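Architecture and fold: a report
So you can see what is in the structure, the chains are spelled out below.
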Amino acid sequence: MKDRRPLRSPESLRSHRWLGVQDLRAFGHRSRLQQMGYDRADFAGKPVIAIINTWSDINQCHAHLRTRAEEVKRGIWQAGGFPLELPAMSLSEPFVKPTTMLYRNFLAMEVEELLRSHPIDGAILLGGCDKTTPGLLMGAISMGLPCLFVPAGPMLRGNWRGQVLGSGSDAWKYWDELRAGNITEADWEEIEGGIARSFGTCMTMGTAASMMAVAEALGFTLPNASSIPAADANHPRMATASGRRIVEMVWQDVTPDQIISREAVQNAMVVHNAMGGSTNVIIHLIAIARRAGIALDLADFDALSRKVPVLANVRPSGQYLMEDFWYAGGLRALMSRLRPHLDLSLRTVADKRWEEILQGAEVHNNDVIRDNDNPVFAEGATAVLTGNLAPNGAVMKPAAARADLLSHRGPALVFPDYDAMAKAVEDEGLEVTPDHVLILQNAGPQGGPGMPEWGMLPIPRKLVRQGVRDMLRISDARMSGTSYGACILHVAPEAWVGGPLALVRNGDEIEVDVSQRSLNLRIDAREMERRREAWTPPAPRYQRGWGALFQQHIGQADQGCDFDFLQAGAPTPEPEIH
Ligand code: FES
Ligand code: MG
């Protein structure tokens, strides 16, 4: 954040145009507020703060956001602001089909236009379940009003017969044990009742925990906010403090362009690496940065990943869960160990520089938050691979893969779509060996559609029974941050638009060398060309509605999957008030 601007006057507030002037329109707006029981004393001359709430009855991770909104309001009233709660699309990760990623940009557009069309001076953003964090930030950054993110926070640890269970990761793990016949249906049912036992987001280092940490590292939350478990009383207190702070931010005119910068994005990438964060963050952070006019690409992630160690010992890369991470000191403690990699001169929404925020931060458990000389992994949270199979790049999390698969050559076993794959892997007669490379086509931004989290292809049942737990898998899909294994994801360009992934056939030799960052299909160039010429594009899936808009404008994974017309560009005019 640059030097502070002079405090604003009430007449300079955006909402003044709706509420403060003496004309027939403003009379209408004020009388309609009075209709709701508000008095002039409630709003006159005060910053109007939108609370963008992604609560819904079917969003398990945001169940507490209904009351958190009230706690935010308390802070806004205390500080002399006027709170207005505006609901926005909720995007519950497990329930929204075909995938929440189809709607991230929808949420971003909704946030931007909610803020633009109403008499709003500043915004609190309430969210945390996977796509809600990037959707909220993308929209708010594009609108450019002062904004502060209140992360939903992780749920408590799961529990089954005294064993700790982690979201996602342990579901996959015990599903394989069930398929292998090592646990019973009754065990599996008990696990169902124990794996998610409070409100809040996934408590492994999935997309939610990673993105909430990224939002904090970008500077959009109060200090340590992203690590507070949703069910901890610190959480509502943080919500109220955020409400107080956003009112000051409006008077100080702290707009998002003063928070997000190339250096802030760099800080966020450092944190993402040190957390061993989800591969999904790569897509979201590229999209967020581009909304702010900051060019960011895959190479930036790879370069950083070679320098920054993984220090957070949290599943799936590590051992513990986000609740333990909080007790160990939270993100503030982790960041205090990353000082050499961070730009500490940046100011956050808390109106403090990082050097001040990190002062006195302490790690309380050196196994949960590791020391730089005893990291979980010395490097390698993210590797970006390129080659003739992924000319614009693909990503992988080497830390989550079996080491010998990081350099591998094997025959392709190709599935043209999800259904074909799902059926084949259950077939005990499937001709497959542990050396095979499983390939899923048509699961990208257009192909999925919406780039679903199908990238952790199930190990074929036949091999699971033989004890195989990891194989090389390649797709243009994403994978859940709670997933693990030797999965190469986000292959760009995707198969649906004619990327080379579409041209792979059963038995083709695939070569992966993560140390060289290479991913190649070993067929000769002329054969590749011949197949390319024979390839025909699939018919468009949608003729109308959101799907049609999506397929016309969605970008590829290496570009952040934003719509072409939503990236930073010419400013959007303020609405006329007639
Ligand atoms: Fe909401 Fe995982 S399902 S964060
Ligand atoms: Mg997820």
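For clarity, every value in this text was computed on a predicted model and none was experimentally measured.

What follows concerns the overall build of the protein. On a plain count of helices and strands, the protein comes out with 20 helices and 14 strands. In terms of overall dimensions, the protein is globule-like: its C-alpha atoms have a radius of gyration of 24 Å, near the 25 Å expected for 578 residues. Overall, the protein is about 75 × 55 × 45 Å in size when its C-alpha atoms are taken along their principal axes. For the protein, buried positions account for 56% of its 578 residues. The long-range fraction of contacts in the protein, counting pairs at least 24 apart against all pairs at least 6 apart in sequence, stands at 79%.

Let's shift gears to helix α5 (residues 104–117). In an α-helix there are 3.6 residues to a turn, and that puts residues three or four apart on one side. For α5, spanning 14 residues, the distance from its first C-alpha to its last is 20 Å, which sits close to the expected 20 Å at 1.5 Å a residue. For α5, a buried count of 10 out of 14 residues is recorded, marking the element as mostly surrounded by other parts of the structure. All buried positions along α5 are accounted for by Arg104, Asn105, Phe106, Leu107, Ala108, Met109, Glu110, Val111, Glu112 and Leu115. Against β1 (48–53), β3 (122–127), α6 (132–143) and α20 (545–553) lie the buried residues of α5.

As a further point, take the packing of helix α4 (residues 65–78) against helix α10 (residues 234–252). Closest axis-to-axis distance for the α4/α10 pair is 7 Å, and the angle between their directions is 40°. The orientation of α4 relative to α10 falls into the category oblique. In the crossing of α4 with α10, the sense of the turn from one axis to the other is right-handed. Where α4 approaches α10, its residues Arg68, Glu71, Val72, Lys73, Arg74, Gly75, Ile76 and Gln78 are matched on the opposing element by Pro236, Ala239, Thr240, Ala241, Ser242, Gly243, Arg244, Ile246 and Val247. Here the residues of the contact of α4 with α10 sort into 7 nonpolar, 5 polar and 5 charged.

Before going further, it helps to spend a moment on the sheet that holds strand β2 (residues 82–87). Across the sheet, which stays open at both edges, the 4 strands sit in the order β2-β1-β3-β4 with parallel pairing between neighbours. Each end of this open sheet is capped by a strand with a single partner; those strands are β2 and β4 (147–151). On average, each strand axis in the sheet is inclined to that of its neighbour by 20°, with strand direction left out of account. Where α4 meets the sheet, it contacts β1, β2, β3 and β4, and its direction lies at approximately 165° from that of β1.

Take the pairing of strand β14 (residues 518–521) next. Burial along β14 is one-sided: Leu519 and Leu521 are buried, while Ser518 and Asn520, pointing the other way, are not. Here strand β13 (residues 509–513) runs beside β14; their pairing, made up of 4 bridges, is antiparallel. Pairing of Asp513 across the sheet is with Ser518, part of β14. In this antiparallel pair of consecutive strands, β13 and β14, the connection spans 4 residues, and Arg517 shows a positive phi of 60°.

This paragraph deals with the UniProt feature "domain: Dihydroxy-acid/6-phosphogluconate dehydratase N-terminal" (unreviewed entry) in the protein. Those residues carrying the UniProt feature "domain: Dihydroxy-acid/6-phosphogluconate dehydratase N-terminal" (unreviewed entry) are residues 46–356 in this numbering. Each end of residues 46–356 is marked by a C-alpha atom, and these two atoms are 30 Å apart; helix forms 46% of the span and strand 9%.

As a further point, take the packing of helix α9 (residues 207–218) against helix α11 (residues 262–275). One way to put it is that α9 packs onto α11 with a least axis distance of 8 Å and a crossing angle of 145°. Considering how the two elements wind past one another, α9 and α11 form a crossing that is right-handed. Contacts from Ser210, Ala213, Val214, Ala217 and Leu218 of α9 reach α11 at Ala264, Val265, Asn267, Ala268, Val271, His272 and Met275. Within the contact of α9 with α11, the residues separate by chemical class into 9 nonpolar, 3 polar and no charged.

A word on the nonpolar core. If you look at the biggest cluster of nonpolar residues, it comprises 181 residues, and the most contacted ones within it are Ala123, Ile124 and Leu285. Among the elements that make up this core, the one with the highest residue count is α9 (9 residues). Beyond its immediate stretch of four places on either side in the chain, Ala123 contacts Ile49, Ala50, Ile52, Leu115, Ala140, Leu145 and Cys147.

Once that is clear, we can look at unusual backbone geometry. Negative phi values dominate among residues other than glycine, just as trans dominates among peptide bonds. With omega at 0°, the peptide bond leading from Lys97 into Pro98 counts as cis. Here Pro98 shows up in the loop between β2 and α5. Here the residue pair Ala492 and Pro493 is connected by a cis peptide bond, since its omega of -5° sits within 30 degrees of zero. Secondary-structure assignment places Pro493 in the loop between β12 (487–488) and β13. In this model, His490 sits at a positive phi of 60°, which is unusual for a non-glycine residue.

Calculation notes
- Residues numbered from 1 in each chain as written.
- Chains lettered and ligands numbered in written order.
- Predicted model: local features only at pLDDT ≥ 70, side-chain atom pairs only at ≥ 80, totals over all residues.
- Helix = DSSP H or I, 4+ residues; strand = E, 2+ residues; numbered from the N terminus.
- Rg over C-alpha atoms; globule rule 2.2 N^0.38 Å.
- Buried ≥ 20, exposed ≤ 12 C-beta atoms within 10 Å, placed from the backbone.
- Contact = placed C-beta atoms within 7 Å.
- Expected span 1.5 Å × (residues − 1).
- Axes fitted to C-alpha atoms, helices over the stretch in contact; angles between N-to-C directions.
- Parallel < 35°, antiparallel > 145°, perpendicular 65-115°, else oblique.
- Left-handed = near helix turned anticlockwise from the far one by under 90°.
- Nonpolar A, V, L, I, M, F, W, Y, C, P; charged D, E, K, R; others polar.
- Pairing = 2+ DSSP bridges.
- UniProt positions renumbered as here; feature names shortened; annotations may be inferred.
- Core = buried A, V, L, I, M, F, W, Y, C linked by C-beta atoms within 7 Å.

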